[in-house]
Amino acid sequence: MARLTIIKEGDDTLRKVCRPVTEITPRILRLLDDMVETMHHAQGVGLAAPQVGILRRIAVVETEPGTVYELINPEIIASEGEQIGTEGCLSSPGEYGVVTRPMTVTVRAMNRKGEIICYTGSELLARAFCHELDHLDGILYKDKASRMLDPKELD
Ligand code: ZN
């Protein structure tokens, strides 16, 4: 596995719409492994392929240590409720904003075996799913933030 470089906000790559994965190749599997390692090293709860310069519909999420969601061609197929909370992004280190997201979402995605699986998550997991899926359409959380936090509001 290899650690990848995370692209920072301001790079056009983060504004592109990613293409679906049509076939799970060894290259895609290696990318998943590398994205998980990169997310761990950066201590993030999610990472999307465009953040490492790959314009494919792939994201990894891990809000609870040890439970990694590898999402290929993910889609939100149901959402419910609302939560207002603080959000950040590995592409914008040190910055946080207040974003309203659904309280619960169901994501349908392909896993690394090519199986279609649905995952339902609430609270932080729902927020992470929404945040990472937005990346695949070139959307950053700041586009949706009601306000950004002042550095003084941070610990
Ligand atoms: Zn992000």
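Structural notes, computed from the coordinates. (Residues numbered from 1 in each chain as written. Predicted model: local features only at pLDDT ≥ 70, side-chain atom pairs only at ≥ 80, totals over all residues. Heavy atoms only, no water.)

## A look at the overall build of the protein chain
Move 1: Looking only at helices and strands, one finds three helices and eight strands in the protein chain.
Move 2: Taken from N to C terminus, the helices and strands of the protein chain fall in the order α-β-β-β-β-β-β-β-α-α-β.
Move 3: The C-alpha atoms of the protein chain give 15 Å as radius of gyration, which agrees with the globular expectation for 155 residues (15 Å, within 12%).
Move 4: For the protein chain, with 155 residues in total, the buried portion stands at 44%.
Move 5: Taking as baseline every contact in the protein chain between residues at least 6 positions apart, the subset at least 24 positions apart corresponds to 66%.
Move 6: In the form shown here, the protein chain has an accessible surface area of approximately 8,200 Å², with 49% of it arising from carbon and sulfur atoms. (Helix = DSSP H or I, 4+ residues; strand = E, 2+ residues; numbered from the N terminus. Rg over C-alpha atoms; globule rule 2.2 N^0.38 Å. Buried < 20%, exposed > 50% of the residue type's maximum accessible area, 1.4 Å probe, protein only. Contact = heavy atoms within 4.5 Å. Areas by Shrake-Rupley, 256 points an atom, 1.4 Å probe, with all protein chains shown as cover.)

## Considering the sheet that holds strand β4 (residues 83-87)
Move 1: Spatially, the three strands line up as an open sheet ordered β4-β5-β8, and their pairing is antiparallel. Sheet topology places β4 and β8 (145-148) at the edges, where each strand pairs with a single neighbour. Each strand of the sheet is rotated relative to its neighbour by a mean of 25 degrees, with strand direction disregarded.
Move 2: One ladder, built from three bridges, connects strand β5 (residues 97-101) with β8; its direction is antiparallel. For V99, the partnering residue across the bridge sits in β8 and is A145. (Pairing = 2+ DSSP bridges. Axes fitted to C-alpha atoms, helices over the stretch in contact; angles between N-to-C directions.)

## So, the packing of aromatic side chains
Move 1: Applying the stated criterion to the full structure yields two aromatic pairs.
Move 2: Both rings, one in Y69 and one in Y119, keep their centres 5.0 Å apart while their planes meet at 80 degrees; by these two values the pair is edge-to-face. Of the two residues, Y69 is situated in strand β3 (residues 67-80) and Y119 in strand β7 (residues 116-122); the sequence distance between them amounts to 50 residues.
Move 3: Judged by centre distance (5.4 Å) and plane angle (80 degrees), the rings of Y69 and F129 are edge-to-face. With Y69 in strand β3 and F129 in helix α2 (residues 124-135), the pair connects residues that are 60 residues apart, well separated along the chain.
Move 4: With relative accessibility at 16%, the residue Y69 sits in the buried group.
Move 5: Taken together, Y69, Y119 and F129 form an aromatic cluster joined through their ring pairs. (Phe/Tyr/Trp six-rings, centres within 6.5 Å; stacked < 30°, edge-to-face > 60°.)

## Considerations on the pairing of strand β6 (residues 104-110)
Move 1: For β6, the buried fraction is high: five of the seven residues fall into the buried class.
Move 2: In sequence, β6 turns back onto β7 through a hairpin of five residues, with G114 there showing a positive phi of about 85 degrees.

## Thoughts on the nonpolar core
Where a protein is soluble and globular, its nonpolar side chains tend to be buried together.
Move 1: In this structure, M35, L47, I58, V60 and I72 are the most contacted members of the largest nonpolar core, which totals 15 residues.
Move 2: Of all the secondary-structure elements, those providing two or more residues to this core are α1 (26-42) and β2 (58-64).
Move 3: Considering every element that reaches this core, the biggest residue donor is α1, with six residues.
Move 4: In contact with L47, not counting residues within four places along its chain, are I6, M35, T38, M39, V52, A59, V60, L90 and E132.
Move 5: Formed by 13 residues, the second largest nonpolar core is a distinct cluster that contains V61, V105, Y119 and C130. (Core = buried A, V, L, I, M, F, W, Y, C linked by side-chain atoms within 4.5 Å.)

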